[in-house]
Amino acid sequence: MSSPRPLPNRYPEDVEHLDGAALGELRIPVCHSCGQEFWPPSPVCPADFGTDVGWVSDPGVGTVNSWVRFHKRYFAGDDVPYTIVQVQLDSGPRLTTTWAGEEDPEIGGPVAVTFREVGDGMALPEFGPVTSQ
Ligand SMILES: [Zn+2]
């Protein structure tokens, strides 16, 4: 039996994002000066260098910009192979995240956020295809 994958560190700049994910909410940094959402978290807006930044609850919808499949086990507990996608959020930022779909991602295909519980009350956002119902 493999040991579990290590949980994310709760670095100060990530706490708001991780606490949101635990509640099923995709929290993304936003600049209160220019309104731009951005990623990764930073105390400075990358668009206008403003320092009045906060967080918003993002709808978590976008499209696949790129993806890659990892076959190497970098952490004990990694279930290989696994797929990582770069998602272009409709709100602007690009997130590199885990793929939750069963099929290969489709470049340009619509995706939406889901959350996977990883233990200790933590959850992580991942993205999968938007399925028409
Ligand atoms: Zn700004």
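Everything quoted here is computed from the prediction, not taken from an experiment.

(A) Here's a closer look at the overall build of the chain. Looking only at helices and strands, one finds one helix and seven strands in the chain. In the chain, the succession of helices and strands from N to C terminus is α-β-β-β-β-β-β-β. Its C-alpha atoms give the chain a radius of gyration of 15 Å, within 12% of the compact-globule value 14 Å for 133 residues. Within the chain, the fraction of its 133 residues that count as buried is 20%.

(B) Representation of the pairing of strand β1 (residues 26-31) in the model. Burial runs high along β1: six of the six residues are buried. Side chains Leu26, Ile28 and Val30 of β1 all project onto a buried face; the interleaved residues Arg27, Pro29 and Cys31 project onto the opposite face, where all are buried too. Summarising the sheet, β1 and strand β2 (residues 53-58) pair through six bridges and their orientation is antiparallel. Of the residues in β2, the one forming a bridge with Leu26 is Asp58.

(C) Layout of helix α1 (residues 15-22). Along α1, the residues classified as buried are His17, Gly20 and Ala21. Looking straight down α1, one finds its buried side chains confined to an arc of 100°; they lie on one side. The inward-facing, buried residues of α1 contact β1, β2, β6 (110-119) and β7 (122-129). One or two steps after α1, the chain reaches Gly24, where phi turns positive at roughly 75°.

Thresholds applied
Residues numbered from 1 in each chain as written. Predicted model: local features only at pLDDT ≥ 70, side-chain atom pairs only at ≥ 80, totals over all residues. Helix = DSSP H or I, 4+ residues; strand = E, 2+ residues; numbered from the N terminus. Rg over C-alpha atoms; globule rule 2.2 N^0.38 Å. Buried ≥ 20, exposed ≤ 12 C-beta atoms within 10 Å, placed from the backbone. Pairing = 2+ DSSP bridges. Arc of directions from axis to C-beta. Contact = placed C-beta atoms within 7 Å.

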